[in-house]
Amino acid sequence: MSTQPKAAPRHGILSLTIKDKAVLYAAYMPFVKNGGLFIPTHKQYKLGDEVFMLLSLMEEKEKIPVAGKIIWITPKGAQGNKAAGIGVQFSNQDNGQARTKIETYLAGALNSERSTHTM
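Let me sum up the structure you'll find in this document.

About the cut-offs
- The residue count restarts for each chain, going from 1 along the sequence in the order it is written.
- The model is predicted, so local features are restricted to residues of pLDDT at least 70 and side-chain atom pairs to those at 80 or more, both for listing and for counting; the totals for chains, interfaces and linings are taken over all residues.
- To obtain the side-chain values, all non-hydrogen atoms of the structure were used and water was disregarded.
- Secondary structure elements follow DSSP: runs of H or I no shorter than four residues count as helices, runs of E no shorter than two count as strands, and numbering proceeds from the N terminus.
- By definition in these notes, contact holds between two residues if any of their heavy atoms fall within 4.5 Å.
- Residue burial considers only the protein chains on display, and all accessible areas are found by Shrake-Rupley using a 1.4 Å probe.
- Each reported salt bridge corresponds to a side-chain nitrogen of Lys or Arg within 4 Å of a carboxyl oxygen of Asp or Glu.
- The classification of residues rests on relative accessible area computed with a 1.4 Å probe and restricted to protein chains. Under 20% of the type maximum is buried, over 50% is exposed, and intermediate values are partly exposed.
- Nonpolar core, defined: a set of buried Ala, Val, Leu, Ile, Met, Phe, Trp, Tyr and Cys residues in which side-chain atoms within 4.5 Å join the residues together.
- Two strands qualify as a pair provided that DSSP identifies no fewer than 2 bridges between them.
- Lines fitted to C-alpha atoms define the axes here, with helix axes fitted over just the stretch in contact, and angles between the N-to-C directions of these axes take values from 0 to 180 degrees.

**Overview of the overall build of the protein**
For step 1, the next point in the chain: What the protein contains, in helices and strands, is 2 helices and 5 strands.
For step 2, the next point in the chain: Along the protein, from the amino end to the carboxyl end, the secondary structure elements read β-α-β-β-β-β-α.
For step 3, the next point in the chain: Looking at the protein alone, contacts between residues at least 24 apart form 65% of all its contacts between residues at least 6 apart.
For step 4, the next point in the chain: Summed over all atoms, the accessible surface of the protein reaches about 7,700 Å², with 54% contributed by carbon and sulfur.

**Focus: the pattern of salt bridges**
Note that side chains of opposite charge can pair when their charged atoms are close.
For step 1, the next point in the chain: Applying the stated rule across the entire model yields 2 salt bridges.
For step 2, the next point in the chain: A salt bridge links Lys101 to Glu60; the shortest N-O distance between them is 3.3 Å. Highlighted residues: Lys101 in helix H2 (residues 97–105) and Glu60 in the loop between strand E3 (50–57) and strand E4 (64–74), separated in sequence by 41 residues.
For step 3, the next point in the chain: Residue classification places Lys101 among the partly exposed residues on the basis of a relative accessible area of 28%.
For step 4, the next point in the chain: Close ionic contact of Glu103 with Arg99 constitutes a salt bridge, the shortest N to O distance being 2.9 Å. In this pair, Glu103 and Arg99 are both assigned in helix H2, 4 residues apart and thus about one turn of the helix distant.
For step 5, the next point in the chain: You can call Glu103 partly exposed: its relative accessible area is 25%.
For step 6, the next point in the chain: For Arg99, a relative accessible area of 22% puts it in the partly exposed group.

**Here we look at the nonpolar core**
For step 1, the next point in the chain: Judged by nonpolar contacts, the single largest core of 24 residues is most densely connected at Leu24, Leu37, Phe90 and Ile102.
For step 2, the next point in the chain: Broken down by secondary-structure element, the contributors of at least two residues to this core are strand E1 (13–18), helix H1 (21–27), strand E2 (36–40), E3, E4, strand E5 (85–90) and H2.
For step 3, the next point in the chain: At 4 residues, E3 tops the list of elements feeding residues into this core.
For step 4, the next point in the chain: Sequence-distant contacts of Leu37, defined by excluding residues within four places in its chain, comprise Leu16, Leu24, Ala27, Tyr28, Met29, Leu55, Ile86, Gly87, Val88, Phe90 and Ile102.

**With respect to the sheet that holds E1**
For step 1, the next point in the chain: Strand order in the open sheet formed by 5 strands is E1-E3-E4-E5-E2, with mixed pairing between adjacent strands. Edge positions in the open sheet fall to E1 and E2, since each of these has one partner strand only. Strand after strand, the sheet turns through a mean of 40° between neighbouring axes, direction not considered.
For step 2, the next point in the chain: In this structure, E4 lies alongside E5, joined through 6 bridges in antiparallel fashion. Paired with Thr74 across the bridge in E5 is Gly85.

**Thoughts on the environment of Leu37**
For step 1, the next point in the chain: Relative to the helices and strands, Leu37 is located in strand E2.
For step 2, the next point in the chain: Note on Leu37: relative accessible area 0%, which makes it buried.
For step 3, the next point in the chain: Leu37 sits 31 residues away from Gly68 along the chain, and the two C-alpha atoms are 9.7 Å apart.

**Quick notes on the pairing of E3**
For step 1, the next point in the chain: In this structure, E1 lies alongside E3, joined through 6 bridges in parallel fashion. When the bridges of E3 are listed, Ile18 appears paired with Leu57.
For step 2, the next point in the chain: Between E3 and E4, which pair antiparallel one after the other, the connecting turn spans 6 residues, and Met58 there sits at a positive phi close to 50°.

And the structure:
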């Protein structure tokens, strides 16, 4: 009988490409400490799961590596026809790089009343 703790299940690397400002606006979670993104998916995750993303924004060639954890889950068939997926809070590790890039693209739109995937 092993007494070692089991490693958390790995979900691999999430790859997310956003080429449209309206899509980025709908996915971004500015109300989360360090920022976060909603990622449409039908895969099963649990709150607190650690994930790693490679994020491509607009026409940039370079992908932004972002570590984070699941803080939001919208299940399949949610009320209001919301897209199924997960909300990922960016970790402190990237020193705000992803948040800064996203907020630069969304300058002027962040105080909009348009609905998003999460709020």
